[in-house]
Every structure is written in C-alpha cells, then in structure tokens.
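# Fold and geometry: a report
Okay, here's what each chain looks like letter by letter:
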Amino acid sequence: MTRAITVIVRRDGESWSAWSPHCPGLAVAEPTAAELRGALPEALTWYFDGDSDFEILVHLEQELRGVVVRIAQDAFVWERQLVAERLGAALGVQEQAERLRAAPSNSAGEVVYVCTLPSDSISWLTAQLDDVADPVVVALPAAESTLWTLQFGGGRRTGVGTADVDYSPDTTLGEVMTTFTGPGLRLSA
C-alpha cells in the first residue's frame, strides 16, 4: 500500500532544503528547487531501505514578516495562498502583528502558521508535526477577509487561541472552529 510522506521544503539562502516528520534524521539540501525535487525520491527510497512505494506531500515554508508560513502544495494551493495573503495583511497591522508574533515558537525558535482550509482534518495537520509538543498555529479563513487562528501543540497559553482537547483524527478544522469554546482545548496525536 502506498504511504503518504509529508515533506517540509524551505529555501535557505542560496539553496533549498527538505525534511520530513516521517523520517527522523533525514534532511536533503540542493542548490535549486528542481534539483531538490529530483533528489527527494531517491533519498526517501534510501531511507526506507529501497521501498519506493510512497507519495510525497510537499509543504512549502517561507518567512513572512517575522513568522514562518507553511503552505501545502496540493490541489488547494491557490486557496491556501489566499490564507497566507490574509495573514500577511494582518501582520501589516501593528496590534495584530504583535499578537500573531507572540504565539509560542517551536524548538527552532520559529512561530509557524499553517495555512489551512475548513476541510483539512486533524490527521492532515498532525502528519506535518515533528512532535505534538512543538506548537504550530493554524490559520483558517473565517469570513471574506478575516482569519481564525488556533494553536495546536506546545501547551503554553498566549493571546492566540489554544487547542487542548482530544479530537478524532477525522475531525475537520472547520468542525473544530464551529465547536471551539475557548482556551482549554488540547490536541493529542
């Protein structure tokens, strides 16, 4: 059975790098995006001892006004990019920017926002996490020009809503948003 492997890709200065929460210790770096795209299947096949029965799910990270924004490169990339644009606009307003940048950082010291859609599931989100204790913040479109944000993982309280309740892996983020009752909810993997 083909397994899905989440890969996080980022441009690091003059090169491109990738890592996967499904492959602890594996990192790939190449000078161009095209070379990275070509090297990933071989590196993953090596990591899985010659097994090449996998599908690579790419999530692109980029720095945006002091935070890291993650956008899945899937069939909904255009909609996810619109979420990133809304986040960029909010980061352009001082009061909102202060609150958004105050979210807990991960073990690398970065505040990571995942651009999500109401149909994304908890399992889709947790497949991107190296460790549920490492926080990310989902950014979900709530109205025509607004975003709803909620921290997953980390356990620290901030001005950003925090999810600390156990959700089924099939629960969608839209369902989380409609049932959210405030801080005190927790995600478990």
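Worth saying up front: this structure is predicted, and the values here are computed from it rather than measured.

## With respect to unusual backbone geometry
Most peptide bonds are trans, and most residues other than glycine sit at a negative phi. Notably, Asp49 is not glycine yet its phi reads approximately 50 degrees, a positive angle. Within the secondary structure layout, Asp49 lies in the loop between helix H1 (33–47) and strand E4 (54–64). A relative accessible area of 74% means that Asp49 is categorised as exposed. A positive phi angle, close to 50 degrees, is found at Arg65, a residue other than glycine. Considering the arrangement of structural elements, one finds Arg65 in the loop between E4 and strand E5 (67–72). Accessibility expressed as a relative area gives 45% for Arg65, which makes it partly exposed.

## Some points on a nonpolar patch on the surface
Residues Val77, Trp78 and Leu82 make up a contiguous nonpolar surface patch of about 290 Å² in total accessible area. With respect to the helices and strands, the residue Trp78 is situated in helix H2 (residues 77–91). For Trp78, a relative accessible area of 59% puts it in the exposed group.

## Here's the deal with the environment of Val58
Mapped onto the secondary structure, Val58 falls in strand E4. Since its relative accessible area comes to 26%, Val58 is described here as partly exposed. Expressed as a C-alpha distance, the spacing of Val58 and Gln73, which sit 15 residues apart in the sequence, is 5.5 Å. Excluding anything up to four places from it in sequence, Val58 contacts Val7, Val9, Ile71, Ala72 and Gln73.

## Considerations on the confidence of the model for the protein
Averaged over the protein, the pLDDT score is 87; the fraction of residues at 70 or greater is 87%. Every residue in residues 183–189 is under pLDDT 50, and counting partners more than four places away or in other chains gives 26 contacts.

## Here we look at the pattern of salt bridges
Here the structure, examined in full by the defined rule, presents six salt bridges. A salt bridge links Asp51 to Arg3, with the nearest nitrogen and oxygen atoms 3.2 Å apart. Of the two residues, Asp51 is situated in the loop between H1 and E4 and Arg3 in strand E1 (residues 3–12); the sequence distance between them amounts to 48 residues. Among the residues examined, Asp51 registers a relative accessible area of 31% and is labelled partly exposed.

Conventions we followed
Residues numbered from 1 in each chain as written. Predicted model: local features only at pLDDT ≥ 70, side-chain atom pairs only at ≥ 80, totals over all residues. Heavy atoms only, no water. Helix = DSSP H or I, 4+ residues; strand = E, 2+ residues; numbered from the N terminus. Buried < 20%, exposed > 50% of the residue type's maximum accessible area, 1.4 Å probe, protein only. Patch = residues over 30% accessible without salt bridge, like charges linked within 9 Å, V, L, I, M, F, W, Y side chains within 5 Å. Areas by Shrake-Rupley, 256 points an atom, 1.4 Å probe, with all protein chains shown as cover. Salt bridge = Lys/Arg side-chain N within 4 Å of Asp/Glu carboxyl O. Contact = heavy atoms within 4.5 Å. pLDDT = per-residue confidence, 0-100.

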